[in-house]
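# Results of the structural survey
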Amino acid sequence: MNKPLEKDIDKNPVSPEMRVLQLIDSLEAGGAERVAVSYANGLLNHVGASYLCTTRKEGLLKENLSKDVGYLFLKKTKTLDLKAINVLSRFLKRNKISTIHAHGSSFFIAVMTKILNPKIKLIWHDHYGNRVNSGFLHTVVLQICSLFFSSILVVSADLEQWAKKRLWNNSITYIQNYPQLDTTKKVTVLKGVAQKRIICLANLREDKNHPFLIEAFSQLLKFYPDWTLHLVGQNHNDQYAINLKNLIGDLKLGNNVFMYGSCPDILNILSQAQIGILSSKSEGLPLALLEYGLQGLATITTDVGQCSKVITNHVNGIVIESNDKDALCDAIKLYIENKDVRASYSQHLRNHILQVYSETSTLNHVVTIYN
C-alpha cells in the first residue's frame, strides 16, 4: 500500500507552545530543499519541537535530517490530493504543531491544510529568483493563497519588492540564507587533474544558464587544456539536459566537462575544486555561492539576485554581467594565472560568509517572525 511515512517526535520542549513543521515538495538536493532541511535541524535548538514534511518525493537529503526531527512523507500524487491534505492535517493535530513553514511550491497544499486548521500559522518562504517573471495565472493563484499567509519570507530584495507589489499580504521579510555543509561523507571523486578543477553547483534548469558557462569555458581550453569543468546538480533528463549533453558533444568537450547529477557530499566535492562559478540568469540568494565561500573557493558570479551583496567585485570574488562571455573568460583566466589572487579573494570571501551569514542570527530572526 502507498501509505504515508510518518515519524512523530515529542521531546521535552524548550518552548512547548512553538512546534514548527517545514513543508517541502521533495528532498532532492536543490537549494530550497537544503534550506528546509537546515531549518528543520537548526530549529531543534530554538523551538519546542521541529518537524519536516515532504509532499511528493524523498531524496538524497533525507539522510541529512536529524533523528530528532519529526518526519512525514505524504506521497502526494496530484495538485489537489484530498487524502494527502487529510493525512497532513491529522499529523498537525496529533503533534500539536503551531506553525507551518512552507517552502517554494508547497504553498498550495499548505493553504488547503490551513483552511481545515485555521489556528495554524502559515509562513511561506519564496526561494525562486525568477518569480518576478511569473505568468498571469500563477500570480493570481499565489495572490489568493497569500491571503492565508501569516508572513512571507523571501531570499532577495527583488523578490521582496515583487511580493509587496503583487501579493495581498503586508508581512513580507527578506531573510538571508546561510551555508551548512555536511562534513561526514566522501562519495564523489571528481575527474580531471588535481588543482585544475572548476565547479558549478546548480540544478540543470534554464535559469542557471549552463550553456553560457560551457561555451565560455570551451574558448579557454586552447590555452589551458588541463583544466576541467564539473557540473553538479539535479538532472531531470529533460530537453534542457539533453541540449547540454549535445552542446558538450558538439564542442568536443567530453574529456573536459563532466556532469554528475545530484550528489550527497557537497563539502567533499567543493574540496576538490579551485574555482566556483554561478552563471545564472536569475537567482535569489544562492546557497551555492555561500558554500563556495565557506569552503574557500575562488568565486565568480553573475550580477543577479543578491549575488553582488555577497561578492564584492575584485575584493572577495568576481562579479560579471549575465551572458557576458568575454568577461567570464577574463575572470577564469585571472584565477588560473594568479594563485595569489585566488587565495586572497577566497580568504576574504570565507571571512565575510562566517561574519555575515550565520545560522544562529538567521534562525533567531525567523523565530521572531514565527512569534
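Residues numbered from 1 in each chain as written. Predicted model: local features only at pLDDT ≥ 70, side-chain atom pairs only at ≥ 80, totals over all residues. Heavy atoms only, no water.

Here we come to the overall build of the chain. Of regular secondary structure, the chain possesses 13 helices and 14 strands. The dimensions of the chain, computed from C-alpha atoms along their principal axes, are 65 × 45 × 40 Å. Out of the 371 residues belonging to the chain, those deemed buried represent 57%. Of the contacts formed within the chain by residues at least 6 apart in sequence, a portion of 70% connects residues at least 24 apart. Carbon together with sulfur atoms contributes 51% to the accessible area of the chain, which is approximately 16,000 Å² in total. Of the charged side chains in the chain, 41 are positive and 32 negative; the average position of the first set lies 7 Å away from that of the second. (Helix = DSSP H or I, 4+ residues; strand = E, 2+ residues; numbered from the N terminus. Buried < 20%, exposed > 50% of the residue type's maximum accessible area, 1.4 Å probe, protein only. Contact = heavy atoms within 4.5 Å. Areas by Shrake-Rupley, 256 points an atom, 1.4 Å probe, with all protein chains shown as cover. Lys, Arg positive; Asp, Glu negative; His and termini not counted. Charge placed at Lys NZ, Arg CZ, Asp CG, Glu CD.)

A word on the packing of helix 1 (residues 31-42) against helix 9 (residues 287-295). The interhelical angle for the contact between helix 1 and helix 9, taken along N-to-C directions, is 70°, at an axis separation of 10 Å. Viewed along their axes, helix 1 and helix 9 adopt a mutual orientation that is roughly perpendicular. Each of Gly31, Arg34 and Val35 in helix 1 lies in contact with helix 9, whose residues at this interface are Leu287, Ala288 and Glu291. When the residues that make up the contact of helix 1 with helix 9 are grouped by side-chain class, the tally is 3 nonpolar, 1 polar and 2 charged. (Axes fitted to C-alpha atoms, helices over the stretch in contact; angles between N-to-C directions. Parallel < 35°, antiparallel > 145°, perpendicular 65-115°, else oblique. Nonpolar A, V, L, I, M, F, W, Y, C, P; charged D, E, K, R; others polar.)

What follows concerns the packing of helix 11 (residues 325-337) against helix 12 (residues 339-356). Between helix 11 and helix 12, whose axes approach to 5 Å, the crossing angle comes to 105°. Put simply, helix 11 runs roughly perpendicular to helix 12. Residue-level contacts link Leu334, Tyr335, Ile336 and Glu337 of helix 11 to Lys339, Val341, Arg342 and Tyr345 of helix 12.

Side chains Ile275 and Ile277 of strand 12 (residues 275-278) all project onto a buried face; the interleaved residues Gly276 and Leu278 project onto the opposite face, where all are buried too. Of the strand pairs in this sheet, strand 9 (residues 197-201) and strand 12 are connected by 2 bridges, and their pairing is parallel. Opposite Ile199, over in strand 12, you have Gly276 as the bridge partner. Pairing of strand 12 with strand 13 (residues 298-302), which is carried by 4 bridges, proceeds in the parallel orientation. Paired with Ile275 across the two strands is Ala298, which belongs to strand 13. On the question of chirality, the crossover connecting strand 12 to the parallel strand 13 by way of helix 9 is right-handed. (Pairing = 2+ DSSP bridges. Right-handed = clockwise from strand over helix to strand, strands pointing away.)

Let us look at helix 2 (residues 82-94). In this model helix 2 runs 18 Å from its N-terminal to its C-terminal C-alpha over 13 residues, within 8% of the 18 Å that 1.5 Å per residue would give. Considered for burial, the residues of helix 2 that qualify are Ala84, Ile85, Val87, Leu88, Ser89, Phe91 and Leu92. Capping the start of helix 2, Asp81 holds a side-chain oxygen 3.2 Å from the backbone nitrogen of Lys83, two or three residues further along. Downstream of helix 2 by one or two residues, Lys96 has phi in the positive range, about 55°. (Expected span 1.5 Å × (residues − 1). Polar contact = N/O pair within 3.5 Å; in protein donor to acceptor, adjacent residues only side chain to side chain.)

In this section: empty space enclosed by the protein. This structure, assessed with the given rule, holds 1 cavity of 30 Å³ or more. Estimates place the volume of the largest cavity at around 40 Å³. Lining the largest cavity, in full, are Arg34, Val35, Ser38, Tyr39, Asn177, Tyr178 and Leu287. Here the lining of the largest cavity gets 4 residues from one element, more than from any other, and that element is helix 1. Looking at the lining of the largest cavity residue by residue, the class counts come to 4 nonpolar, 2 polar and 1 charged. (1 Å grid on protein atoms, 1.4 Å probe; cavity = no way out; pocket = protein on both sides within 12 Å on 5 of 7 lines; lining within 4 Å. Points joined across faces, edges and corners; volume = space filled by probe spheres on them.)

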